[in-house]
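Structure at a glance
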Amino acid sequence: MLDPFLTFINQHKLDLKKQPCLLTVSGGVDSVVMLHLFQKAGFPAGIAHCNFGLRGDESEGDEQFVKELAKTYDFPFFSKRFDVKSFAKKRGISTQMAARELRYEWFEQLRAAHNYAYIATAHHANDSLETVLLNLTRGTGLSGLYGISGINSYLLRPLILATKEQILAYAQANGLHWREDQSNDSDDYKRNLIRHKVVPVLQQLNPSLEATFIHSADKLQSADQLLRELLDEWSIRAVIKKNDQIRIHIALLLAEGQAAYRLWHLLDQFGFSYRQSVQIIASLPGIPGRQFLSDSHILLIDREELIVQKKFEGLESSTWAIHVPNGELQLGGFILRLSQKDRDSLPRNAYDSQTVILNSQKLEFPLTVRKWQTGDVFQPFGMNGRKKKLSDFFTDLKMDLFTKQSTFILVNGNQEIIWVIGLRLDERYRVNPDTTGFLEVTWTVCE
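These numbers were taken from a predicted model, which means no experiment stands behind them.

Our focus in this paragraph is the sheet that holds strand 3 (residues 77-81). Within the open sheet, the 6 strands sit side by side as 3-2-1-4-6-5. Their pairing is mixed. Only two strands of the sheet have a single neighbouring strand rather than two, namely strand 3 and strand 5 (151-152). Bridge analysis of strand 5 against strand 6 (residues 155-156) gives 2 bridges, and the strand direction is antiparallel. Across the sheet, Asn 152 pairs through a bridge with Leu 155, a residue of strand 6. The sheet strands contacting helix 2 (residues 29-41) are strand 1 (21-24), strand 2 (45-51) and strand 4 (118-120), and the helix crosses strand 1 at an angle near 150 degrees. Docked against the sheet, helix 3 (residues 57-73) engages strand 2 and strand 3, running at close to 170 degrees with respect to strand 2.

Written out as structure tokens, the structure is:
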């Protein structure tokens, strides 16, 4: 048992004597063995114990047991009680998910407050194998086939190379005592069902199942890392980050093999599934305008690019009024400011993409700001008073649907369009030599 523990530390070049850990100790055999190994190796540590109160007196007994262990080993002890059922109900998630979220949030608070370098959990090789089998039942990519990683930023799993059998043998050989959680014997949980019903059958086929899995997981993780490096190198050519969007060049995507997997490599971080990636590739080249949605993002098929951005929520159908000529309005990540000017304080250029100077004599307050609508018409500056539909104006600029959807317009009190914000002033509201009243309007990004 000591060998896989030290192997893990050496593999990751950890100096745990100078970088103390916060050990998460439930009182079960796995975390008790982890605690004993840290104490035996002379690694400084603190102990964190969560009391979820789900097992009545048993939960109280667990907390007292871990507290006594901390006193015996002379390690700092931290404990906290959680109302996990109320939290789960409030968030609409399972009790298990709620407990996980609560404990890791608290662990991180302790780590930061007490300057621990790492948080250590007692996950082992059998846990990792069970995770892979669960992932297979749900559907998974390559990363789901090598289970639980041994280190993830400040999160350590120093027993991940050890089997449950090794942990139990070590505990018995060293006369350790631990608490048993009876819920681990129930097949009501999917993980327990795999542990009690599936793994034993696999062990009949391969008595060295856990050791074989450890070696296979290591190879799969290395292969996944290599594949990611190759795909990241390819994505430098195929992907452009522009403002809050990523744009994927369709021709470069389709020119390579395994286009759906390449696309999924780019989209997974935004919540899109592999199935959606397959559907997107199947629709290419397609009619511009088709959209695909994840929980947080939208993907748009444009002429030459796939464009991905966060969902734009809350501003689509609203109208905002500006009642005074020195007003300010914040919309999403932008600020619209109005300021009265005299002729001497005017900028050299009458307007640019972010600033326009209006003939205030023609303004009727309140002005309004809204999204453009089908049927909107204006008289673009520079077209000698000719009218143009906004939809045609956007088409001439070859604007993608996302840019159209995020475009605001400034509207006069008489419902005439004053400014397609950031794009074009209406001819009727430009200043001329006879203008005596001036209004400066700026459109800037929030700082």
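A few words now on the sheet that holds strand 12 (residues 319-322). Neighbouring strands of a sheet are bound in pairs by backbone hydrogen bonds; such pairs are parallel or else antiparallel. Strand order in the open sheet made by the 5 strands is 12-16-19-20-21, with antiparallel pairing throughout. Every interior strand has two partners, whereas the edge strands, strand 12 and strand 21 (424-425), have only one. Relative to strand 21, strand 20 (residues 417-420) is paired through 2 bridges, and the arrangement is antiparallel. Among the inter-strand pairings, Val 420 is bridged to a residue of strand 21, identified as Arg 424.

Our next topic: the UniProt feature "domain: Lysidine-tRNA(Ile) synthetase C-terminal" (unreviewed entry) in the protein chain. Residues annotated in UniProt with the feature "domain: Lysidine-tRNA(Ile) synthetase C-terminal" (unreviewed entry) correspond here to residues 367-441. End C-alpha to end C-alpha, residues 367-441 measures 12 Å, and it is 16% helix and 31% strand.

UniProt records the feature "binding site: ATP" (unreviewed entry) for Ser 26, Gly 27, Gly 28, Val 29, Asp 30 and Ser 31 in the present numbering. Position of Gly 27 among the secondary structure elements: in the loop between strand 1 and helix 2. Since its relative accessible area comes to 7%, Val 29 is described here as buried.

Parameters at a glance
The residue numbering used here restarts from 1 in each chain and proceeds along that chain's sequence as written. Only residues with pLDDT of 70 or above have their local features reported here, since the model is predicted, and side-chain atom pairs are shown and tallied only from 80 upward, although totals for entire chains, interfaces and linings are computed over all residues. Water and hydrogen atoms were dropped before computing side-chain values, which therefore reflect all heavy atoms in the structure. If DSSP finds at least two bridges between two strands, the strands pair. A run of H or I in DSSP becomes a helix once it reaches four residues, and a run of E becomes a strand once it reaches two; helices and strands are each numbered from the N terminus. Contact criterion: two residues are considered in contact whenever any of their non-hydrogen atoms come within 4.5 Å of each other. Simply put, an axis is a line fit to the C-alpha atoms, just over the touching stretch for a helix, and the angle between two N-to-C directions goes from 0 to 180 degrees. UniProt positions are given in the numbering used here, feature names are shortened, and annotations may be inferred rather than shown by experiment. For the exposure calls, accessible area comes from a 1.4 Å probe over protein chains only, and a residue counts as buried if that area is under 20% of its type's maximum, exposed if over 50%, partly exposed in between.

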